[in-house]
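Architecture at a glance
Here are the chains, one letter per residue:
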Amino acid sequence: MTTTAYRSRVETTGAGFGGLVRAELTKLVTVPRWLLTLAAAVLLSVLVAGLAALGAGQDNSGGDGGGPPVAHNPLEPFQDRGHFVHRELTGDGDLIVRVDSQEGGGWAKAGLMIRAAEEPGADYAAVMVTPEHGVRFKSGTGTDLAGSSAASPTWLRLTLTGTTVTALESPDGINWTGVGTVELPGLPAKTLAGLFVAVPDEVVVTRQFGTESISGNTVETTAVFGSLAFTGDLAPEWGEREHPTGPAVTDDRTGYTVSGTAVTVTGTGDLGPDMFSPDATRMTLTSVLIGLCAVISLAVLFITAEYRRGMIRTSFLVSPARGRVLLAKAIVIGGAGFAAGLLAALGSFALASAGGVVPPLPDLFAWPVLRALIGTGVMVAAAAILALAVGSLIRHSAVAIALVLLALLVPQVAASGLPLSAANWVERLTPAAGFAVQQTVARYDVAIGPEAGLAVLCAYAAAAMAFALWRQKRRDA
Amino acid sequence: MRRAIHAEWTKLRTLPSTGWLLAGTVLAIVAASLVGILSTDTRHCPTPAECFEDTVKLSLGGIRLGQIVVVVLAVLAVSGEYATGTMRQTLIAGPRRLTVLAAKAVVVAAAVAGAGTLGVLGSLVAGRLILPGNGFTEADGYPPPSLADGPTLRAAGGSVGYLVLVALLALGAALVIRDTAGTITAVFVLLFVAPIAGLVVTDPEWRELLDRFTPMTAGLSVQSTVGLDSLPIGPLGGLGVLAAYSAAALVAGSALFAVRDQ
C-alpha cells in the first residue's frame, strides 16, 4: 500500500519580480535620511561645480605657449599652424612642385596649400607628403584623405577650378594620380597659394621635484622643394605666415629662401588635431565625484542595514529565491544612482555654462557631451551596484564603504603622485576607469577611451554582483 | 584614567576587526609605497642629478592609502559602540564622559601610531633597497633614507603623526555623527576634497588656498625633505593645519558627547 505525502492545497502566491522591485523601492523612499542623502549628493556636486566655475578663471591649456588656441569646435580641437609661404592667386590656378627632401620626424608635412586667408581657421585645402605616412590631402578639420605611401622625393599638384580644389600626386611629374577633391564654397576670388611645412609638437615627459609634467616641445621641420611651377594669375611677390608666434619661439627657427624654382621652407607648428586642448566638460563633471561618495555609502547601507537589523530575514521570507531580492535591490539602487548621477551632471554642466567658465563649454547636444552626461549617470549607477554587491559580500558597512571608495577615489587622487606610465595603468585597470566616460576631447593624456572605461567599471560591477549572488545562496542570512 | 585606558584597550584589543585593520594599515602603507617606489625611475629626468627627487617623500607615498584603513578603525571605535549599545555600559562603568573620551583617544592613537610606525619603517626600508637600482644613487645626490638625518626623521615621524591626527579627526567626527557610514563618507570627502577639487580648479590662487588649508594636502607636506621653499605650506605648519582640524573635530565631538543622551 502506498501513501501519498501530504501536500498543502493553499496556492503559493510568491511575490512576482515586479512586486519585489516595488518592495525595495518602498524601502528606499521610506527612509528619510536616505532620500536626503540622494538629494545632498546632487546638490553638493552641483555646488562644487559652481564653485569650481568661479575658480576656473584662467586658461592653462599648456602646450608650447605659441600662438592663440585655435578652436573651431571645442570638441575637435584643431591647430592650423605651420609655416605657409604664399603668393596671391586670382581665379583658377595650377600648382606643381617636387618635394626633394624633408626632415622633422615621421609626421613632418611638406606640400602645397590654397587657402582663403592667412588667419588660422580660414578655408583651405592642402596636399602634403610625410616621411612615414605617405601622401595626404587635408581640408578643414574633418577631411584627411590618404594617397599613396610615397615619401620624398615625390611630385605634388594642387589645382583650383572655380571653388573646387583637386589634389594629385606623381612619382615622376608625368603620370598623375588623384588623391582627393574638395569643394570650398566660401573661397574668395583672390586666394593665397603656396608651399607649407608643418610638424606636430613633440610630447615630452619631464620628471623633476617629484612630479612629472608633460609638455609639447616645438619641433622644427625643413623641406626642400624643387621644379616649382605655378600657373594662373599670380602676384609676383611672396608672403609668409609663420606659426606659432608666441614668445617661446625665436625667429631663426622659421624662414624660407627662394632661388629660381627651388624653395627651402623651415617652420614649426602642426596642421592637425590639437592634443593639448583642455577638456572643459570633463573638468566640470569632476565634481560629481563628491556626489558619488554619498551614493556609494547609500548603496552599501541599502543591504548592510538589512543584515544589521535582521530585516533581511523578512525579505528572504517574502522571496525565498534570494538572488531575486539582490537583483531587485540592484535595479532600484542602480536606478536611483543613474537618476542622481544624471541630475548632478546636468546641474553641474548647466551651472558652469551659465557661470561662463574659461574655456567655454561646448553645446549640450553634441554627442560627446551627451555621452559624458548620460555616461556619468551610468557610471554612478554601476558604482552603486558595485557597492551593493560588495556590501552584500562583506555585510560590514564600514569596511564595504571604505573598500569601494578606495577603488573609485584613490586611483583618481593617487595617480597624480605616480609616474605617468604607472598612473595610466591605474586609470585603465581599476574601477576608476569609469570616469573616462566624462572625456569629450581626444587629448595626449587619455588613458582609456570613454566607452571602454565605462565598460571596465561595469565589468567590475557585474563580476562583484555575480560573486555576491553565488555567495548569498551558500551563507546564512 | 588608568582604569579607563585599560578598559578601552580591552575593548579595542578583543574586537576581531582591530587586528585585521591594524595589519591592513601596515600592509596598505607598504604596498602602496612599493607601487610608487617600483614605478619611479630617472628615465624622464633631464639627468638623474637634476631630477631633484624627494626620495623620502616618494618612499612614504603609501600613507595616502593607509589613512583610509585608519579612518575605518577610528570611526568604528566610536560608532561601533553606538551601533551595539555598548556605549551605555561604558558610561555606567565610567560616568566621567571626558575621561572615557580621552582614554579612547589615547588607545586609538597608540594603536595607530604603532601600526603607522611599522608601515613607515617598512616603506623606508623598501625605498632604501630599491631606489638606488632605479637610478637614484648616492653619487647623483640621493643618499639612502636614514633616520639619523634630520629632515628624514621629521618626514618619518610626521607621517606617523599624520596618521594619528587623521585617526583623531575621524574619532571626533564619529562622536558628532555617531553613524558608521555617514562618518566614514564625511571624513573621506573632507580628506579627499582638495585633491579632487584640484583636478577641477585651475585658478592658481584658489589652488594655493586649497593646498594650504585642506587637511590632506597640508598635512602630507610634512613628508617633504627637499625644496621646502616651493611648498605651499611648510612641513610643520602643514601638520599644524591638520592638527587644527583634528582639534576642532575632537572639541565638537567631546562637547556633544558631554551634553547629549547616549
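Everything numeric in this text was worked out from a predicted model, so none of it was measured.

Topic: the overall build of chain B
Along its length, chain B carries 11 helices and zero strands. For chain B, the sequential pattern of α-helices and β-strands runs α-α-α-α-α-α-α-α-α-α-α. Radius of gyration (C-alpha) of chain B: 20 Å, near the 18 Å computed for a compact globule of 262 residues. Across the 262 residues in chain B, those meeting the buried criterion constitute 52%. A fraction of 77% describes how many contacts in chain B between residues 6 or more apart in sequence connect residues 24 or more apart.

A few points about the confidence of the model for chain A
All names here are of chain A. Taken over all residues, the pLDDT of chain A has a mean of 83, while the share at 70 or more is 89%. Low pLDDT, under 50, characterises residues 58–69; the predicted model gives this stretch 37 contacts beyond four residues in sequence or across chains. Below a pLDDT of 50 lies the segment residues 246–250, which in the model reaches 11 contacts outside its immediate sequence neighbourhood of four places, other chains included.

Comments concerning the nonpolar core
One finds Ile296, Ala383 and Val404 of chain A together with Val72, Ala167 and Leu171 of chain B to be the most contacted residues of the largest nonpolar core, which totals 165 residues. In contact with alanine 383 of chain A, other than residues within four places in its own chain, are Leu292, Val295, Ile296, Gly337, Leu408, Gly434 and Leu457 of chain A. Ala110, Leu112, Ala126 and Leu271 of chain A belong to the second largest nonpolar core, which has 41 residues in total.

Topic: the pairing of strand β6 (residues 143–146) of chain A
Residues and elements named next belong to chain A. With four bridges joining them, strand β5 (residues 134–139) and β6 adopt antiparallel strand pairing. Each bridged residue has a counterpart across the sheet, and for phenylalanine 137 the counterpart in β6 is leucine 145. With antiparallel pairing between neighbouring strands as the criterion, β5 and β6 make up a hairpin whose turn holds three residues, including glycine 140 at a positive phi of roughly 60°.

Observations concerning the environment of alanine 407 of chain A
Residues and elements named next belong to chain A. Along the polypeptide, alanine 407 turns up in helix α8 (residues 397–414). What makes alanine 407 buried here is the crowd of 20 C-beta atoms within 10 Å. With 239 residues separating them along the chain, alanine 407 and leucine 168 place their C-alpha atoms 54 Å apart. Filtering out sequence-adjacent residues up to four positions away, alanine 407 remains in contact with Thr430 and Pro431.

A closer look at the domain arrangement of chain A
Accessible area lost upon the coming together of the parts is a frequently used measure of interface size. Residue and element names in this part refer to chain A. What the domain assignment lists for chain A is domain 1 (17–56 + 279–472) and domain 2 (78–273). In this structure, domain 1 and domain 2 have C-alpha centres spaced 47 Å apart. Counting residues at the interface gives five residues for domain 1 and five residues for domain 2.

Side note on helix α11 (residues 235–259) of chain B
Residue and element names in this part refer to chain B. With 25 residues, α11 should reach 36 Å at 1.5 Å per residue; the first-to-last C-alpha distance of 37 Å fits that figure. What α11 keeps buried is the set Pro235, Gly238, Leu239, Leu242, Ala243, Tyr245, Ser246, Ala249, Leu250, Gly253, Ser254 and Phe257. Buried residues along α11 sit in contact with α6 (97–130), α7 (150–177) and α10 (215–220).

Regarding unusual backbone geometry
For serine 227 of chain A, which is not glycine, the phi dihedral falls at a positive 50°. Exposure remark for serine 227 of chain A: the 15 C-beta atoms within 10 Å place this residue in the partly exposed category. Phi angles above zero are rare outside glycine, and arginine 178 of chain B is one such case at about 70°. Along the chain, the position of arginine 178 of chain B falls in the loop between α7 and α8 (180–200). The class of arginine 178 of chain B is buried, set by 20 C-beta atoms lying within 10 Å.

Reading guide: rules and limits
Residues numbered from 1 in each chain as written. Chains lettered and ligands numbered in written order. Predicted model: local features only at pLDDT ≥ 70, side-chain atom pairs only at ≥ 80, totals over all residues. Helix = DSSP H or I, 4+ residues; strand = E, 2+ residues; numbered from the N terminus. Rg over C-alpha atoms; globule rule 2.2 N^0.38 Å. Buried ≥ 20, exposed ≤ 12 C-beta atoms within 10 Å, placed from the backbone. Contact = placed C-beta atoms within 7 Å. pLDDT = per-residue confidence, 0-100. Core = buried A, V, L, I, M, F, W, Y, C linked by C-beta atoms within 7 Å. Pairing = 2+ DSSP bridges. Domains from an automatic or database assignment. Expected span 1.5 Å × (residues − 1).

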